[in-house]
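Tertiary structure, described
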Amino acid sequence: MIFRQLFDAQTHTYSYLLGCERTRRASLIDSVASEVDTYIDLLQSLNLNLLYTFETHVHADHITGAGLLRQKLGSKSVVHRDAGAMCADLLVTDGVLLQIGDLEFEVRHTPGHTNGCVSYLMQDRVFTGDALLINGSGRTDFQQGDAGQLYDSITKKLFSLPADTLVYPGHDYHGNTVSTIKQEITKNSRLGNNTSREQFIATMQNLKLAYPKFIDQALPANQSCGLMPQG
Ligand code: FE
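Presented here is an overview of the structure given in this document. (Residues numbered from 1 in each chain as written. Predicted model: local features only at pLDDT ≥ 70, side-chain atom pairs only at ≥ 80, totals over all residues. Heavy atoms only, no water.)

Here we take up the sheet that holds strand S8 (residues 103-109). Read across the open sheet, the six strands follow the order S7-S8-S9-S10-S13-S14; overall the sheet is mixed. If you trace the sheet from one side to the other, it starts and ends with strand S7 (97-100) and strand S14 (179-180), each paired once. The sheet contact formed by strand S10 (residues 125-129) and strand S13 (residues 166-169) spans four bridges and is parallel. Directly across from Phe127, in S13, lies its bridge partner Tyr168. (Pairing = 2+ DSSP bridges. Helix = DSSP H or I, 4+ residues; strand = E, 2+ residues; numbered from the N terminus.)

Below, the structure is given as structure tokens:
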């Protein structure tokens, strides 16, 4: 497996490149529009063909590179059916398996940050988007956010994975790069260490976070796969 964790410093977004060594086929999870030229150079230098861009959800804080990559490289964009991005080539639901050469990804629907959030499970690692973050979670105060639903998604769909599964989140604001399911079950300050559903909901209600800086540009753009909305 070819694996790269990529970071967009402006929005603290992690993107992930995964490639099959045998077939040279690749996918990018949560690409960022402003980084598209970097991805193309990287794909070229690794001799990889980009088949898919996977979105963990419709982002409010950065613009996806999915539409641009589709235009430039012919890749197909993948998003959950409930995400509200009908521009995608493939709308997926819980349990769908996606094959990239020898790499198999399982879609796990993990709503709560948004309706259409998914995590992608691949071998020993899971890409959790903005559902489970390292020592945190996605916010639940806009985009159909629901703290109780997020608690259920994380505790049932992610904490049930093998303890040593690597957790790769959609963002990190503190320099963390990777965690494990065990680390989050035991140490996550929002919902680890047997935090109850009620406690988590109360914590999320009291966060009082600022309105996201880019949401008014990012949401409509991402509903059109990162390209300017038509009409
Ligand atoms: Fe998000």
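There's more to say after this.
Relative to the helices and strands, His62 resides in the loop between strand S4 (49-54) and helix H2 (66-73). Exposure remark for His62: the relative accessible area of 5% places this residue in the buried category. In sequence terms His62 and Gln5 are 57 residues apart; their C-alpha atoms lie 17 Å from each other. If we skip the residues at most four places from it in the chain, His62 touches Thr11, Thr13, Ser31, Val32, His171, Ala218 and Asn222. At 2.8 Å, the side chain of His62 and the side chain of Asp61 are in polar contact. (Buried < 20%, exposed > 50% of the residue type's maximum accessible area, 1.4 Å probe, protein only. Contact = heavy atoms within 4.5 Å. Polar contact = N/O pair within 3.5 Å; in protein donor to acceptor, adjacent residues only side chain to side chain.)

On inspection of all chains with the given rule, the structure shows eight salt bridges. A salt bridge links Asp82 to Arg81, with the nearest nitrogen and oxygen atoms 3.7 Å apart. The class for Asp82 is partly exposed, based on a relative accessible area of 36%. A relative accessible area of 49% means that Arg81 is categorised as partly exposed. (Salt bridge = Lys/Arg side-chain N within 4 Å of Asp/Glu carboxyl O.)

In the sheet, S13 pairs with S14 via two bridges, with the strands oriented antiparallel. For Leu166, the partnering residue across the bridge sits in S14 and is Thr180.

Here we come to the sheet that holds strand S1 (residues 2-8). Pairing in this open sheet of six strands is mixed, and the strands run S1-S2-S3-S4-S5-S6 from one edge to the other. A strand with exactly one partner marks an edge of an open sheet, and here the two such strands are S1 and strand S6 (90-92). Going across the sheet, the axis of each strand differs from the next one's by a mean of 20°, ignoring polarity. One ladder, built from five bridges, connects strand S3 (residues 25-29) with S4; its direction is parallel. Along S4, the bridge assignment pairs Leu28 with Thr53. Sitting on the sheet, H2 touches S3, S4 and strand S5 (76-80), and the angle it makes with S4 is about 155°. (Axes fitted to C-alpha atoms, helices over the stretch in contact; angles between N-to-C directions.)

Now for the packing of helix H1 (residues 36-45) against H2. Running from N to C, H1 and H2 cross one another at 45°; their axes reach a closest spacing of 10 Å. In terms of axis orientation, H1 runs oblique to H2. The interaxial crossing formed by H1 with H2 has right-handed handedness. Residue-level contacts link Val36, Asp37, Tyr39, Ile40 and Leu43 of H1 to Leu68, Leu69, Lys72 and Leu73 of H2. Taken together, the residues of the contact of H1 with H2 sort by class into seven nonpolar, no polar and two charged. (Parallel < 35°, antiparallel > 145°, perpendicular 65-115°, else oblique. Left-handed = near helix turned anticlockwise from the far one by under 90°. Nonpolar A, V, L, I, M, F, W, Y, C, P; charged D, E, K, R; others polar.)

Attention now goes to H1. Buried residues of H1: Val36, Tyr39, Ile40, Leu42 and Leu43, and no others. The buried residues of H1 all sit within an arc of 165° when viewed along its axis, so they share a single face. Within H1, the exposed residues directed more than 90 degrees away from the buried face are Asp37, Gln44 and Ser45. Elements that come into contact with the buried residues of H1 comprise S1, strand S2 (13-19), S3, S4 and H2. (Arc of directions from axis to C-beta.)

In this structure, His57 (NE2), His113 (NE2) and Asp130 (OD) serve as the protein donors to the iron ion, at separations of 2.1 to 2.3 Å. Expressed as a motif, the donor residue spacing for the iron ion is H-x55-H-x16-D. In this pair, His113 is assigned in the loop between S8 and strand S9 (118-122) and Asp130 in the loop between S10 and strand S11 (132-133), connecting sequence segments 17 residues apart. Across the pair, exposure class does not vary: His113 and Asp130 are buried alike. (Donors = N, O, S within 2.8 Å, 3.2 Å for Na, K, Ca; no water.)

The values reported here are purely geometric and, on their own, carry no functional implication.
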